[in-house]
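In case you want the letters, here they are:
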Amino acid sequence: MNSLKEIARVIKSGKSAVIFTHMRPDGDTIGSAMALSRALSLLGIENEVLNEGEIPERFDCLNIAGEIKRYPTIEADTFICVDSSDETRLGLLRDIFLTGAKKKTSVNVDHHISNTHYAKYNFVRERASNCENIAELIKELGVSFNKEIADFLMTGMVTDSGGFTHGDVNGDSFRAAADAADAGADVNKIYYETMKKQTRVRAEFSLAVFSRLRYLLDERLTVAVVSAELLSSYGLKPDATEGIVDFGLSIEKTEVSVCLLEVKKGQYKVSLRSKGKVNVNEVAGVFGGGGHILASGCVLFGELEEAIEKIQYAVWQRL
């Protein structure tokens, strides 16, 4: 693995860069990419940020409308991936990255334990958020935080740490957040806009999901199921399910909480969270997914009950 000092040297040696973010973008991948993008701009390095899909509305507070593109528009000499454990996480941008990485400099900065070190230059360190890694990289680049960079970094730190409540939050997390706060990050606004604010429709949707929770393995496993039909009936998009999986962990006996989102008939996006007894990165790994010990994800195919049985068995083996 390379050091952040090496990564910074490689990035500064280029004249332009494209920054890739993962599909179904969250606050950490957006915050990582936009903070790095602003730092590169201050260094005079031409750059742009890519994502394969739409940016969730809860990030409108960042005022980046139209900035994140779906395809590269510049002929960059450096390809940078942030908060992505492997190339498949890039979604429709995967092939663009793989093709370009063969003849360009490729960089991977991530915080997932399941990262495959797929770039030429890799820095992977487990932290509560990848924005903590990006914050240090920006310092290595010789750029001081301004308010805008600080807000982007705080967005990733707040959202990926569950408001600094997850088990992987440590002193380094708070020190990184303090640096961003000192530079002007509006933590109260960011927390409300990205984690608390919701419409009445979304609140009613959440209640509908929670009222149908399944309690398995003597309540040690809690499963929330979101069908495509239910989501459609409320006129909501898949990003409305963000945070649903965390609710199960609030239940006293629950060790693992799971949310199955029906992507299409016979395909489910699975999010897993753990209080610590079960390594859900291992659970997700059984099905080709991964992430963190306390938070991971994967995709399952087949009938709903079959998918639930598979997850239940994999969790039971590790309880």
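Whatever comes next refers back to the structure up there.
Residues numbered from 1 in each chain as written. Predicted model: local features only at pLDDT ≥ 70, side-chain atom pairs only at ≥ 80, totals over all residues. Heavy atoms only, no water.

Draft legend 1. Region of the structure containing the nonpolar core. Among the nonpolar cores identified, the biggest contains 50 residues, and Leu36, Leu40, Ile80, Ile134, Leu137, Ile138 and Leu153 are the most heavily contacted of them. If sequence neighbours within four positions are ignored, Leu153 has contacts with Ala35, Cys131, Ile134, Ala135, Ile138 and Phe145. (Core = buried A, V, L, I, M, F, W, Y, C linked by side-chain atoms within 4.5 Å. Buried < 20%, exposed > 50% of the residue type's maximum accessible area, 1.4 Å probe, protein only. Contact = heavy atoms within 4.5 Å.)

Draft legend 2. The arrangement of the environment of Lys310 in detail. Structurally, the position occupied by Lys310 is in helix 12 (residues 304-316). For Lys310 and Leu300, which are 10 residues apart along the polypeptide, the C-alpha to C-alpha distance reads 9.0 Å. Among all residues touching Lys310, those that are not within four sequence positions of it are Phe287 and Phe301. (Helix = DSSP H or I, 4+ residues; strand = E, 2+ residues; numbered from the N terminus.)

Draft legend 3. Structural context of the sheet that holds strand 12 (residues 295-301). The strand order 7-8-9-10-12-11 describes an open sheet built from six strands, whose pairing is mixed. Looking along the sheet, the strands with just one partner apiece sit at the ends: strand 7 (214-216) and strand 11 (290-291). (Pairing = 2+ DSSP bridges.)

Draft legend 4. Quick peek at the environment of Leu300. Structurally, Leu300 is set in strand 12. Along the primary structure Leu300 and Ala185 are separated by 115 residues, whereas in three dimensions their C-alpha atoms are 38 Å apart. Residues contacting Leu300, with those up to four places away along its chain left out, are Gly266, Gln267, Tyr268, Val270, Phe287, Ala307 and Ile311.

Draft legend 5. Main features of the pattern of salt bridges. This model, assessed by the stated rule, comprises 22 salt bridges. Between Glu54 and Lys237 there is a salt bridge whose closest N-O contact spans 3.0 Å. Taken together, the residues Glu54 in the loop between strand 2 (46-50) and strand 3 (68-69) and Lys237 in the loop between helix 9 (228-233) and helix 10 (244-247) connect sequence positions 183 residues apart. Where Lys147 meets Asp151, a salt bridge forms, and the shortest distance between an N and an O atom there is 2.6 Å. With Lys147 and Asp151 both in helix 5 (residues 147-160) and four residues apart, the pair spans about one turn of that helix. In the salt-bridge network here, residues are joined through shared partners; they are Arg125, Arg127, Glu132 and Glu136. (Salt bridge = Lys/Arg side-chain N within 4 Å of Asp/Glu carboxyl O.)

Draft legend 6. View of the pairing of strand 5 (residues 105-110). With five of its six residues buried, strand 5 lies for the most part within the structure. Note: strand 4 (residues 78-82) against strand 5, five bridges, orientation parallel. Pairing of Thr78 across the sheet is with Thr105, part of strand 5. Taking the sense of rotation as the criterion, the β-α-β connection linking strand 4, helix 3 (residues 94-101) and strand 5 turns out right-handed. Pairing between strand 5 and strand 6 (residues 121-124): four bridges, direction parallel. (Right-handed = clockwise from strand over helix to strand, strands pointing away.)

Draft legend 7. Molecular detail of the packing of aromatic side chains. Taken as a whole and assessed by the stated rule, the structure comprises eight aromatic pairs. With a centroid separation of 5.5 Å and 80° between ring planes, the pair formed by Phe20 and Phe97 is classed as edge-to-face. Here Phe97 lies in helix 3 and Phe20 lies in strand 1 (residues 16-20), a separation of 77 residues in the sequence. There is no split in this pair, since Phe20 and Phe97 are both buried. Each residue in the set Phe20, Phe79, Phe97 and Tyr118 is aromatic and connected to the rest through ring pairs, giving one cluster. (Phe/Tyr/Trp six-rings, centres within 6.5 Å; stacked < 30°, edge-to-face > 60°.)

Draft legend 8. Just the packing of helix 5 against helix 6 (residues 171-182), in detail. Taken N-terminus to C-terminus, the directions of helix 5 and helix 6 make an angle of 150°; their axes are 9 Å apart at the nearest point. When you trace helix 5 past helix 6, the crossing you get is left-handed. Mapping the contact onto sequence places Ala150, Met154 and Met157 in helix 5 and Ala176, Ala177, Ala180 and Ala181 in helix 6. Residues that form the contact of helix 5 with helix 6 fall into these classes: seven nonpolar, no polar and no charged. (Axes fitted to C-alpha atoms, helices over the stretch in contact; angles between N-to-C directions. Left-handed = near helix turned anticlockwise from the far one by under 90°. Nonpolar A, V, L, I, M, F, W, Y, C, P; charged D, E, K, R; others polar.)

Draft legend 9. Quick peek at the state of the cysteines. One pass over the full model with this rule turns up zero disulfides. The cysteine Cys61 is free of any disulfide, with Cys131 supplying the nearest cysteine sulfur at 13 Å. With no disulfide partner, Cys298 has as its closest neighbouring cysteine sulfur the one in Cys259, 12 Å distant. When its relative accessible area of 6% is taken as the criterion, Cys298 is described as buried. (Disulfide = S-S within 2.5 Å.)

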